[in-house]
Amino acid sequence: MTVVALRLAGPLQAWGSRSRFVRRETEKAPTKSGVIGMVAAAKGLRRTDSLGELPDLRFGVRIDQPGQLLRDFQTAQRPKKEKDGTTSWSSLPLSQRYYVSDAVFLAVLEGERGLVEGIDEAVRGPEFPLYLGRRSCPPAGPVALGVYDRGLEEALASLPWVASTRSQRRHRANTVRLATVRDAHPDEAEGELVQDIPVSFDPNRRQHAWRTITRGTVEIDNPHGTAEKGEEHDPMASLGG
Amino acid sequence: MFLTKMPLNPRRRAARKLLGSPQALHAAVQAGFADPSPTEEGRVLWRLDTYGQHRVLLYTASPEKPDFTHIVEQVGWPTTEAWQTREYDGLLESLRPGQHWQFRLTANPVHSARREDWSDTKPLAHVTVKQQEQWLLDRIPRLGFQLVTTGSDGEAAPDLAVVERNNRRFNRRGSDPVTIATATFEGQLEVTEPAALRHALTFGIGRAKAYGCGMLTLAPPPRKGSA
């Protein structure tokens, strides 16, 4: 099994799986449709093109730095030229847009070697610009982390912590427990259903299929941990008896 | 003198009050003695050592044996773990020049200074780690010990570390809130004047001794090679 690892970090990210009308929500972790869409953009696929084998890749994310939920109350107005030359403005629907701010995620796609290497290459030199779930959310720093000969679960549990140095320092402990969200195995009984497998990104006929996800946690070393397992100072030890 | 060690259970409700306010813990410790006033031997000193969320130890040094039943009932494990009290005098008598000990001290490092508009000087807390270390280094000659230096000749430094710092602010009946800055020092010392060190161990170091500051304790030094 081969995986390609992506580091999704930016001031703002938005990963919606059930946005309707003017309320544009975000999940707390990247969605499969969002990441597949980003990969498809990197490969130069247009929205009406077929996604090919991309939706069949197994997908998992690790929440390396959870960030914070941010709500944007968005107003917009449309200009209209009147016959007398003046401009009048009419309001567009008010919308609530949700973002995760200051978050870092590790996203992993598992599949055949050739396909996975193609993704890594495309992300390094994208055809269309990359963005993190919404066009206004560009990634901070390189996205591609490389291709690894590991399974999905193993990659999520073994790849180093990619949170910012600042937040790693703040954690102090020498290991951290990070939440993961990944595709469930077909034989796993427990799971949560989200409408998150991209079938078509065609603007006129967007389609998403249902996906079963499994949540878990993994323990990762903190390279900037400063906690020393200090030995207890025991004054009773010198008193005998 | 007696040294007492008691584990506290921070998950109990009363712990919020007792661990949250040095004033409350001071009262609880004092209540453990029929007569808590200082004697010629020494005074009541206490210290709270926190080694994790669920590992909190209360140490006291006192001229008399304490009875901490009331503390155990409120914030201890009444049926399994009480407190251990040991004779301190054996150790105090056995101090000899040249001995090496690990030490731990929680103190309230202050200096006296005057601010603008103040008519008089007042004790003000040392703020940085460096100031707090210097505070201890300045008074070590009077305490009957010196620090063991570690490291090779080029980078030899006294074995002293500030392992914890705190700003405690709590209420005291009938007065404005009290604020004390504490620093917990750990290191290795060599005894030079046993009598002076004995005094430091039984009477404490620095200010705020009622509020868990100033209690110095000794533990056997680390075995050679393991440090």
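Here goes a summary of the coordinates provided. Computed from a prediction, not measured in an experiment: that's the story for all the values here.

Parameters and conventions
- Residues numbered from 1 in each chain as written.
- Chains lettered and ligands numbered in written order.
- Predicted model: local features only at pLDDT ≥ 70, side-chain atom pairs only at ≥ 80, totals over all residues.
- Heavy atoms only, no water.
- Helix = DSSP H or I, 4+ residues; strand = E, 2+ residues; numbered from the N terminus.
- Buried < 20%, exposed > 50% of the residue type's maximum accessible area, 1.4 Å probe, protein only.
- Contact = heavy atoms within 4.5 Å.
- Areas by Shrake-Rupley, 256 points an atom, 1.4 Å probe, with all protein chains shown as cover.
- Axes fitted to C-alpha atoms, helices over the stretch in contact; angles between N-to-C directions.
- Parallel < 35°, antiparallel > 145°, perpendicular 65-115°, else oblique.
- Nonpolar A, V, L, I, M, F, W, Y, C, P; charged D, E, K, R; others polar.
- Pairing = 2+ DSSP bridges.
- Polar contact = N/O pair within 3.5 Å; in protein donor to acceptor, adjacent residues only side chain to side chain.
- Buried area = accessible area lost by both parts, 1.4 Å probe.
- Salt bridge = Lys/Arg side-chain N within 4 Å of Asp/Glu carboxyl O.

## Structural notes on the overall build of chain A
Next, step 1: A tally of helices and strands in chain A yields 4 helices and 11 strands.
Next, step 2: Counting over 241 residues, chain A shows a buried share of 42%.
Next, step 3: A fraction of 76% describes how many contacts in chain A between residues 6 or more apart in sequence connect residues 24 or more apart.
Next, step 4: By element, 49% of the accessible surface of chain A is carried by carbon and sulfur atoms, the whole surface being about 13,600 Å².

## Concerning the packing of helix α1 (residues 32–43) of chain A against helix α2 (residues 113–124) of chain A
Residue and element names in this part refer to chain A.
Next, step 1: At a minimum axis distance of 8 Å, the contact between α1 and α2 shows a crossing angle of 70°. With respect to their mutual orientation, α1 and α2 come out roughly perpendicular. Residues V39, A42 and K43 of α1 pack against G118, I119, A122 and V123 of α2.
Next, step 2: Here the residues of the contact of α1 with α2 are counted per class, giving 5 nonpolar, 1 polar and 1 charged.

## Focus: the sheet that holds strand β3 (residues 56–62) of chain B
All names here are of chain B.
Next, step 1: Pairing in this open sheet of 4 strands is antiparallel, and the strands run β2-β3-β1-β4 from one edge to the other. Edge strands, defined here as strands with exactly one partner in the open sheet, are β2 (45–50) and β4 (84–87). In this sheet, adjacent strand axes meet at a mean angle of 15° when their direction is disregarded.
Next, step 2: Packing against the sheet, helix α2 (residues 22–30) makes contact with β2 and β3, and its axis sits at approximately 125° to β2.

## Some points on the environment of S94(B)
Residues and elements named next belong to chain B.
Next, step 1: Counting through the fold element by element, S94 comes out in helix α4 (residues 89–94).
Next, step 2: Classification of S94 by relative accessible area gives partly exposed; the value is 30%.
Next, step 3: Spatially, the C-alpha atoms of S94 and P194 are 8.7 Å apart, while their sequence positions differ by 100 residues.
Next, step 4: Within polar-contact distance, the side chain of S94 engages the backbone oxygen of L91 at 2.9 Å.

## Notes on the environment of I36(A)
Next, step 1: Relative to the helices and strands, I36(A) resides in helix α1.
Next, step 2: Setting aside its immediate chain neighbours within four residues, I36(A) contacts L54(A), L57(A), L109(A) and P198(A).

## Thoughts on the interface of chain B and chain A
Next, step 1: Tallying the contact residues gives 22 residues for chain B and 11 residues for chain A.
Next, step 2: Carbon and sulfur atoms make up 61% of the area that chain B and chain A hide from each other, which totals about 1,300 Å².
Next, step 3: Applying the counting rule to chain B against chain A returns 2 salt bridges.
Next, step 4: Its salt-bridge partner being D234(A), residue K5(B) comes within 3.9 Å of it at the nearest N-O pair.
Next, step 5: Counting every contact that joins chain B to chain A gives 4 residue pairs in polar contact (both at pLDDT 80 or more).
Next, step 6: Mapped onto the side of chain B that touches chain A, the elements with two or more residues apiece are β1 (2–8), β3, β4, β5 (100–107) and β13 (215–219) of chain B.

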